[in-house]
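The chain contents come next:
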Amino acid sequence: MQLFKRFSFWLPVLSVLVCIFNATGIDDYNMLLVLTSPHLALLENIPSIGRHLSGMTIIYFINVIGWLVIGLIIDLIINQFKPV
C-alpha cells in the first residue's frame, strides 16, 4: 500500500506513540516530548501563545498535527523530485 510509504502517515503515528508514552507517566519530566517536538519549542518561545497552552491534551493535539504538517511537506518535496 502507498499509504505506509508516506512520511505523512508515519510521523503522526510516532507522535501519537510519544504522546501515549508521556500520558502514561513514564516520561515524568516530558523530556521525550520536548526533544521530539521542535514545533512545541517554537510555540513556547512566543509569550502570548505559551501562556494559553496549559492543558496536555492541547499540547498532544498540536504535537500530532504539527508532525502531520511536517510529514505532508516532506511528502510534497519527495514528490517534486520523483521521476514520472
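The coordinates are above.
A brief report on the enclosed structure follows.

Quick notes on the rules
- Residues numbered from 1 in each chain as written.
- Predicted model: local features only at pLDDT ≥ 70, side-chain atom pairs only at ≥ 80, totals over all residues.
- Heavy atoms only, no water.
- Axes fitted to C-alpha atoms, helices over the stretch in contact; angles between N-to-C directions.
- Helix = DSSP H or I, 4+ residues; strand = E, 2+ residues; numbered from the N terminus.
- Parallel < 35°, antiparallel > 145°, perpendicular 65-115°, else oblique.
- Left-handed = near helix turned anticlockwise from the far one by under 90°.
- Contact = heavy atoms within 4.5 Å.
- Nonpolar A, V, L, I, M, F, W, Y, C, P; charged D, E, K, R; others polar.
- Polar contact = N/O pair within 3.5 Å; in protein donor to acceptor, adjacent residues only side chain to side chain.
- Expected span 1.5 Å × (residues − 1).
- Buried < 20%, exposed > 50% of the residue type's maximum accessible area, 1.4 Å probe, protein only.
- Arc of directions from axis to C-beta.
- Core = buried A, V, L, I, M, F, W, Y, C linked by side-chain atoms within 4.5 Å.

The next subject is the packing of helix α1 (residues 7-23) against helix α5 (residues 56-81). Contact geometry of α1 with α5 gives a least axis separation of 7 Å together with a crossing angle of 160 degrees. Compared by their axis directions, α1 and α5 come out roughly antiparallel. The element α1 and its partner α5 pack so that their crossing is right-handed. In this structure, α1 contributes Phe-7, Ser-8, Leu-11, Pro-12, Ser-15, Val-16, Cys-19, Asn-22 and Ala-23 to the contact, and α5 contributes Met-56, Tyr-60, Asn-63, Val-64, Trp-67, Leu-68, Ile-70, Gly-71, Leu-72, Ile-74, Asp-75 and Ile-78. Grouping the amino acids of the contact of α1 with α5 by side-chain chemistry returns 15 nonpolar, five polar and one charged.

We now examine the environment of Asp-75. Tracing the backbone through its elements, the reader meets Asp-75 in helix α5. Through-space distance from the C-alpha of Asp-75 to that of Phe-9 is 9.9 Å; in sequence the pair is 66 residues apart. Filtering out sequence-adjacent residues up to four positions away, Asp-75 remains in contact with Arg-6, Phe-7 and Ser-8. A polar atom in the side chain of Asp-75 sits 3.0 Å from the backbone nitrogen of Phe-7.

In this section: α1. The end-to-end C-alpha distance of α1, which contains 17 residues, comes to 24 Å, matching closely the 24 Å that a straight helix rising 1.5 Å per residue would cover. For α1, the full list of buried residues reads Ser-8, Leu-11, Pro-12, Ser-15, Val-18, Cys-19 and Asn-22. The arc that holds every buried residue of α1, seen down its axis, measures 115 degrees, which confines them to one face. Looking at the packing, one finds that the buried side of α1 touches α2 (31-35) and α5.

Counting six residues, the largest nonpolar core is built from Val-18, Cys-19, Leu-33, Leu-40, Ile-59 and Tyr-60. Within the residue set of this core, elements represented by two or more residues are α1 and α5.

On their own, these measurements won't tell you what the molecule is for.
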